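The lines below spell out each chain.
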Amino acid sequence: MALKPYQAPKKPISRAARMRNRCIVLAAFIGICAGIGSCLSNCGENKGYAKAEREFGQVFESKKIDVDTSATETRAVEKPADKTAEPAKLSKASANEAHANNANANNASAEKIQNAQATVAAEVTPEGAPVPEVIDSTHIKNQKDVYMAEKIDNLLRRFKPENSIILMVDAKTNEIIAWGERKDNAVQSKPDYLARNTFPAASLAKTITIAAAMENNRYALNSQIPLIGHAHHLYKNQLRVPANYHGPTVEMQDAYAHSYNPPLALIGMDVGAKKLKDAARKLGYNMNFAGGLPGRSTFAPPDTGYALAEASCGFTDATTLSPLQAAAQVRAILMKKPLEIPWASNLKGYAPTSRIAQDVGTFKENTYYGLRQAMIRSVTHGTARKNISTKHMARKNYDALTIGGKTGSLDGKDPKGRYDWFMGFAQSKEDPSKAIILVVLQIYDNQGLRPQPTTQVAGMLINYWAHQYVTNKKK
């Protein structure tokens, strides 16, 4: 038996070489897969293009057949009846008739080609193309402050709330300087919502409660109020405070700033309906104004019971408020003056055309101070903090202003939907005479698309106003 020659053992491949080979194989595999996918995609696209070309060709060919048939028929008419006749012997009338027939045939052919092209274009043109909105800027140019009016109009067209009214008033003169309204899916040229009294006041009614509490020296801003249960609900068991209650409490100013319902309901029940009504009158409720501008608002709490608690915290649509009156309330608090409805010389039928003092009385100095501070706390610590901030305002504008306000939200019926309020003010720290009153109301369907928050709209408008008139040294 012959012996096999000696063979040295093969040297094993190093780990680095094995990893390199695996990477090469993997890369090749990925490249092959990508190539196959690209081919399949191109084939699909080519099939789509081919199908479109076939459809286009069928339409055009059908039209082309009609054109050719018409042309053939025309040529048959042009052919002379006598085959032996020479072309030179044709009469002049026959020549003119032939020329006219040729012209008619060319016109018919051109018309059929145009019809075919129009048919093809109609088949490939999408239906329901958006119609560009025609903007009528007449109502903008007629306003006191055209810059702010144009900004309001732009925001309404940009955010597209279902129903909305925005009102801006000069705090010093109480004159309406800008407004904007949207309803029926379009920006309106007339402010129908300004004086309407069907809007639920929602949590804006909490201003009545804390005003009555401070006016009668029953509570201060830092008074501790029991907070039982969920802060934004209102159940009867949340109104029963045990004699030895040791649960959570909240300061009155924070209950107002965060729009808590149970604490404000407890305050209202303790103060009583009569004192609440007295405070409400000084804020313009239950009054008939000259010319019905604005319409009579309603605040009618019962003497006792759960309905008194509802009215005290605005948890009812029975308390109503108009945008004009909301602006008047804020100005009265900021300027520490009796209520006066904002006016405009060019809004006859929608707002007073001149300044008219209202005989409603005034609050004490401490009450005005407390109301102003509570509204400021709503912006710095409460429901308006998120959007009326440097998130939507330039830092220099935010730092240059003192801003206060109150938010409110509740379902209503006229028009039906969710009502979101903001009423507030912005005042220059350096020059307090520069101040504005701002009211923003948006109404939307709970099941539909919600617009931008009212506080965001307010923050953007305050920022624009501050840039124009406060921090811009050129003004």
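What counts and what doesn't
Residues numbered from 1 in each chain as written. Predicted model: local features only at pLDDT ≥ 70, side-chain atom pairs only at ≥ 80, totals over all residues. Heavy atoms only, no water. Helix = DSSP H or I, 4+ residues; strand = E, 2+ residues; numbered from the N terminus. Buried < 20%, exposed > 50% of the residue type's maximum accessible area, 1.4 Å probe, protein only. Areas by Shrake-Rupley, 256 points an atom, 1.4 Å probe, with all protein chains shown as cover. Phe/Tyr/Trp six-rings, centres within 6.5 Å; stacked < 30°, edge-to-face > 60°. Lys NZ or Arg CZ within 6 Å of the ring centre and 35° of its normal. Patch = residues over 30% accessible without salt bridge, like charges linked within 9 Å, V, L, I, M, F, W, Y side chains within 5 Å. Salt bridge = Lys/Arg side-chain N within 4 Å of Asp/Glu carboxyl O. 1 Å grid on protein atoms, 1.4 Å probe; cavity = no way out; pocket = protein on both sides within 12 Å on 5 of 7 lines; lining within 4 Å. Points joined across faces, edges and corners; volume = space filled by probe spheres on them. Nonpolar A, V, L, I, M, F, W, Y, C, P; charged D, E, K, R; others polar. Pairing = 2+ DSSP bridges. Contact = heavy atoms within 4.5 Å. Axes fitted to C-alpha atoms, helices over the stretch in contact; angles between N-to-C directions. Left-handed = near helix turned anticlockwise from the far one by under 90°. Parallel < 35°, antiparallel > 145°, perpendicular 65-115°, else oblique. Polar contact = N/O pair within 3.5 Å; in protein donor to acceptor, adjacent residues only side chain to side chain.

Draft legend 1. Geometry of the overall build of the chain. Scanning the chain from N- to C-terminus turns up 13 helices and 8 strands. Out of the 475 residues belonging to the chain, those deemed buried represent 44%. When the accessible surface of the chain is summed, it comes to about 26100 Å², and 54% of that surface belongs to carbon and sulfur atoms.

Draft legend 2. Summary view of the packing of aromatic side chains. Following the criterion strictly, the structure yields 5 aromatic pairs and no others. Taken together, a centroid distance of 6.0 Å and an interplanar angle of 55° make the contact between Tyr 285 and Phe 299 tilted. Remark: Phe 299 occurs in the loop between helix 8 (273-282) and helix 9 (306-313) and Tyr 285 occurs in the loop between helix 8 and helix 9; sequence separation between them is 14 residues. Across this residue pair, the class does not change: Tyr 285 and Phe 299 are buried. Each residue in the set Tyr 193, Phe 199, Tyr 419 and Trp 421 is aromatic and connected to the rest through ring pairs, giving one cluster. Over the aromatic face of Tyr 306 sits the side chain of Lys 236, whose NZ or CZ is 6.0 Å from the ring centroid. The ring centre of Tyr 256 lies 5.3 Å from the NZ or CZ of Lys 406, which sits over that ring.

Draft legend 3. Just a nonpolar patch on the surface, in detail. A surface patch of nonpolar side chains, amounting to about 330 Å² of accessible area, comprises Leu 26, Phe 29 and Ile 30. With respect to the helices and strands, the residue Leu 26 is situated in helix 1 (residues 15-78). By relative accessible area, which is 52% here, Leu 26 ends up exposed.

Draft legend 4. Fine view of empty space enclosed by the protein. The full count for this structure, using the stated rule, is 2 cavities of 30 Å³ or more. In this structure, the largest cavity occupies an estimated 50 Å³ of space. If you go around the largest cavity, the residues you meet are Lys 282, Leu 283, Ala 332, Ile 333, Lys 337, Pro 338, Leu 339, Gly 361, Thr 362, Phe 363 and Tyr 368. By residue class, the composition of the lining of the largest cavity is 7 nonpolar, 2 polar and 2 charged. Taken as a whole, the second largest cavity spans an internal volume of roughly 30 Å³. Every residue along the wall of the second largest cavity is listed here: Phe 289, Ala 290, Leu 293, Ile 341, Pro 352, Ile 356 and Gln 358.

Draft legend 5. Structural context of the sheet that holds strand 8 (residues 435-444). Pairing within the open sheet is antiparallel, and its 6 strands lie in the order 3-2-1-8-7-6. The open sheet has two edge strands with one neighbour each: strand 3 (186-187) and strand 6 (401-413). Two strands pair when backbone bridges link them, and strand 7 (residues 416-428) and strand 8 are joined in this way by 10 bridges, in the antiparallel orientation. Pairing of Ala 426 across the sheet is with Ile 436, part of strand 8. The strands that helix 11 (residues 365-380) touches are strand 6 and strand 7; relative to strand 6, the one it contacts most, it runs at about 80°.

Draft legend 6. Local environment of the packing of helix 5 (residues 206-215) against helix 11. Contact geometry for helix 5 and helix 11: axes closest at 9 Å, N-to-C directions at 140°. The interaxial crossing formed by helix 5 with helix 11 has right-handed handedness. Taken together, the residues of helix 11 that come into contact with helix 5 (itself represented by Thr 207, Ile 210, Ala 211, Met 214 and Glu 215) are Thr 367, Gly 370, Leu 371 and Ala 374. Of the residues that constitute the contact of helix 5 with helix 11, the class distribution is 5 nonpolar, 3 polar and 1 charged.

Draft legend 7. Up close: the layout of surface pockets. Volume-wise, the largest pocket comes out at about 560 Å³. Taken together, 26 residues make up the lining of the largest pocket; nearest its centre are Thr 383, Thr 407, Gly 408, Ser 409 and Asp 420. Elements represented by at least two residues in the lining of the largest pocket include exactly strand 6, strand 7 and helix 13 (454-469). Residue composition of the lining of the largest pocket, by class: 6 nonpolar, 14 polar and 6 charged. Those elements that place two or more of their residues in the lining of the second largest pocket are helix 3 (138-141) and strand 2 (176-183). A per-element tally of the lining of the second largest pocket places strand 2 first, with 3 residues. Its residues assigned to classes, the lining of the second largest pocket comprises 6 nonpolar, 6 polar and 4 charged.

Draft legend 8. Region of the structure containing the packing of helix 5 against helix 8. Across the interface, helix 5 lies against helix 8 with an axial gap of 8 Å and an inter-helix angle of 110°. In terms of their interaxial angle, helix 5 and helix 8 are classed as roughly perpendicular. Pair helix 5 / helix 8 crosses with right-handed handedness. Touching Ile 208, Thr 209, Ala 211, Ala 212 and Glu 215 of helix 5 are Lys 275, Leu 276, Ala 279, Ala 280 and Lys 282, all from helix 8.

Draft legend 9. Structural detail: the side chain of Thr 407. With respect to the helices and strands, Thr 407 occurs in strand 6. By relative accessible area, Thr 407 is classed as buried at 11%. Among the polar contacts made by the side chain of Thr 407, one reaches the side chain of Thr 383 at a distance of 2.6 Å. Leave out the neighbours within four places in its chain, and Thr 407 touches Ser 203, Leu 204, Ser 259, Thr 383, Ala 384, Trp 421, Phe 422 and Thr 455.

All we've got here are geometric facts, nothing functional implied.
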